[in-house]
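Understanding the architecture of this molecule
Listed below are the residues making up each chain.
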Amino acid sequence: MTYPFKFPDTAPPTLSLGRSRTWGPLAATEVHASPGRYPGLVAPDHRLIFYLTPDVPTDCACEGVKQRRIQTPYDFDIVPAGASGFWEDHLPCDMVAVRLAPKLMTSTAEALALPLDRIELAPRLGARDPMIEHVVRALVAELAAPAPAGRIYADSLATALTTRLLQSFGVLGAAGRQTLSKPQVRRIVEFVDANLDGELTLEQLAEVAGMSIPHLTTLFRRTMGQSVHAYVMERRVQRARALLLERRMTIAQVALETGFAHQSHMARWMRRLLGVTPSEVLRV
């Protein structure tokens, strides 16, 4: 199928944000998109994009799932935390973006007694569900209300929405074979690399991955073949070696830059993992 639409050569696509409200781990925002192609930026939260404008031709993809469609109001896309893709609208389009924190999904899964090491939210494009549509209509009404309802009402909507998502759109993996998803691995790796000079904690990484600490430690070892601590120390040693070879810092400065407690701490780990000391690296 081809579409007889041409984007203006001089007007890049723009997203305009309208009314927005946040209720703890749940948020909703009105969005207007001009025709054009938009990258699906990686975000730490799960996102649901609900379309309000009828008959908008759209090409889109998310984590290998692709679709060409004509949108109908309250069609929605599910973009799991850490997922990426693109959306190309061929006409102006109004939508509502709903954000759900991973911890909300985890707490709901626990309440439903779902196996936390086997459940994940899968990308979906052009989905429809009457119960989810009902919840989103209620959120849209809250955005327009001059005096919004209390937090308990928003919490009930969040619970209804996450329950339906897990029951109807969750993916249950085989027991014992579940690993971290590619988006989760990417988020963890990027976070570790960006924070090597600080004190990394399991609590931080579990938050980045959207799961509990025990769940993270189990799936990380299964996915990466080593513990979280061993991985972090390996990345610190690799970064330290690269900085030493640049010969712009002293050994002590490199140790601080890569998150080691002191120069001797770095030397012990370099000898353990590389078989050489920082001084021997400098003599290469």
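Residues numbered from 1 in each chain as written. Predicted model: local features only at pLDDT ≥ 70, side-chain atom pairs only at ≥ 80, totals over all residues. Heavy atoms only, no water.

**Quick word on the packing of aromatic side chains**
What characterises a pair of aromatic rings is the spacing of the ring centres plus the angle enclosed by the ring planes. Selection rule: The rule is short: rings of Phe, Tyr and Trp, with Trp giving its six-membered ring, pair when the centres are within 6.5 Å, and they are stacked under 30 degrees, edge-to-face over 60, tilted in between. Only DSSP runs of H or I with at least four residues qualify as helices, and only runs of E with at least two residues qualify as strands; both kinds are numbered from the N terminus onward. Relative accessibility thresholds used throughout: buried, under 20% of the residue-type maximum; exposed, over 50%; partly exposed, between the two (1.4 Å probe, protein chains only).
Going through the model one piece at a time under the given rule, you end up with three aromatic pairs. Considering the side-chain rings of Phe76 and Phe169, the 5.7 Å spacing of their centres and the 75° angle between planes classify their relative orientation as edge-to-face. Here the residue Phe76 occupies a position in strand 7 (residues 76-79), and Phe169 occupies one in helix 3 (residues 151-169), the gap between them amounting to 93 residues. Look at Phe76 and you get buried, because its relative accessible area is 0%. An aromatic cluster is present here, built from Phe50, Phe76 and Phe169 joined pairwise through their rings.

**Some points on the sheet that holds strand 3 (residues 36-40)**
As a reminder of what qualifies: A strand pair is defined by DSSP finding two or more bridges across the two strands. An axis is simply a line fitted to the C-alpha atoms; with a helix, the fit covers only the stretch in contact. Between two such axes, the angle follows the N-to-C directions and lies from 0 to 180 degrees.
Pairing in this open sheet of four strands is antiparallel, and the strands run 3-8-5-6 from one edge to the other. This sheet does not close on itself; its edge strands, each paired only once, are strand 3 and strand 6 (65-70). Sheet twist, expressed as the mean angle between neighbouring strand axes with direction ignored, is 10°.

**Observations regarding the pattern of salt bridges**
A pair can form between side chains of opposite charge whenever their charged atoms are brought close. Heads up, the rule is: What counts as a salt bridge is simple: a side-chain nitrogen of Lys or Arg found within 4 Å of a carboxyl oxygen of Asp or Glu.
Summed over the entire model, instances satisfying the criterion amount to 11 salt bridges. Where Asp193 meets Arg235, a salt bridge forms, and the shortest distance between an N and an O atom there is 2.9 Å. Separated by 42 residues along the polypeptide, Asp193 in helix 4 (residues 182-194) and Arg235 in helix 7 (residues 228-246) bring together distant segments of the chain. Arg248 serves as the salt-bridge partner of Glu246, at 2.9 Å between the closest nitrogen and oxygen. The exposure class of Glu246 is partly exposed, given its relative accessible area of 40%. Through salt bridges with shared partners, one network takes in Asp75, Arg128, Glu133 and Arg137.

**Here we look at the packing of helix 7 against helix 9 (residues 263-274)**
Any two packed helices are characterised by how steeply their axes cross, that is the angle between the axes, and by the distance between the axes. The test is simple: Roughly parallel means an angle under 35 degrees; roughly antiparallel, over 145; roughly perpendicular, 65 to 115; everything else is oblique. By definition in these notes, contact holds between two residues if any of their heavy atoms fall within 4.5 Å. The classification used treats Ala, Val, Leu, Ile, Met, Phe, Trp, Tyr, Cys and Pro as nonpolar, Asp, Glu, Lys and Arg as charged, and all other residues, Gly among them, as polar.
Put simply, helix 7 and helix 9 touch, their axes get as near as 10 Å, and they point 100° apart. Viewed along their axes, helix 7 and helix 9 adopt a mutual orientation that is roughly perpendicular. Across the interface between the two elements, His229, Met233, Glu234, Val237, Ala240, Arg241 and Leu244 from helix 7 touch His265, Met266, Trp269, Met270, Leu273 and Leu274 from helix 9. Grouping the constituent residues of the contact of helix 7 with helix 9 by class yields nine nonpolar, two polar and two charged.

**Side note on the pairing of strand 8 (residues 85-89)**
As judged from the five bridges shared by strand 3 and strand 8, these two strands associate in the antiparallel manner. Across the sheet, Gly40 pairs through a bridge with Gly85, a residue of strand 8. Where strand 5 (residues 57-62) and strand 8 come together, five bridges link them in antiparallel fashion. By the bridge assignment for strand 8, Cys60 is matched with Trp87.

**What about the side chain of Asp77?**
Just so we agree on the cut-off: Two N or O atoms count as a polar contact when they lie within 3.5 Å, although within protein this holds only if one can serve as hydrogen donor and the other as acceptor, and sequence-adjacent residues are included solely when both atoms are side-chain atoms.
Within the secondary structure, Asp77 is located in strand 7. Overall, the relative accessible area of 0% leaves Asp77 in the buried class. Separated by 2.8 Å, the side chain of Asp77 and the backbone nitrogen of Gly126 make a polar contact. If we ignore the near neighbours within four places in the chain, the residues touching Asp77 are Arg47, Leu48, Ile49, Tyr51, Arg69, Trp87, Arg124, Leu125 and Gly126.

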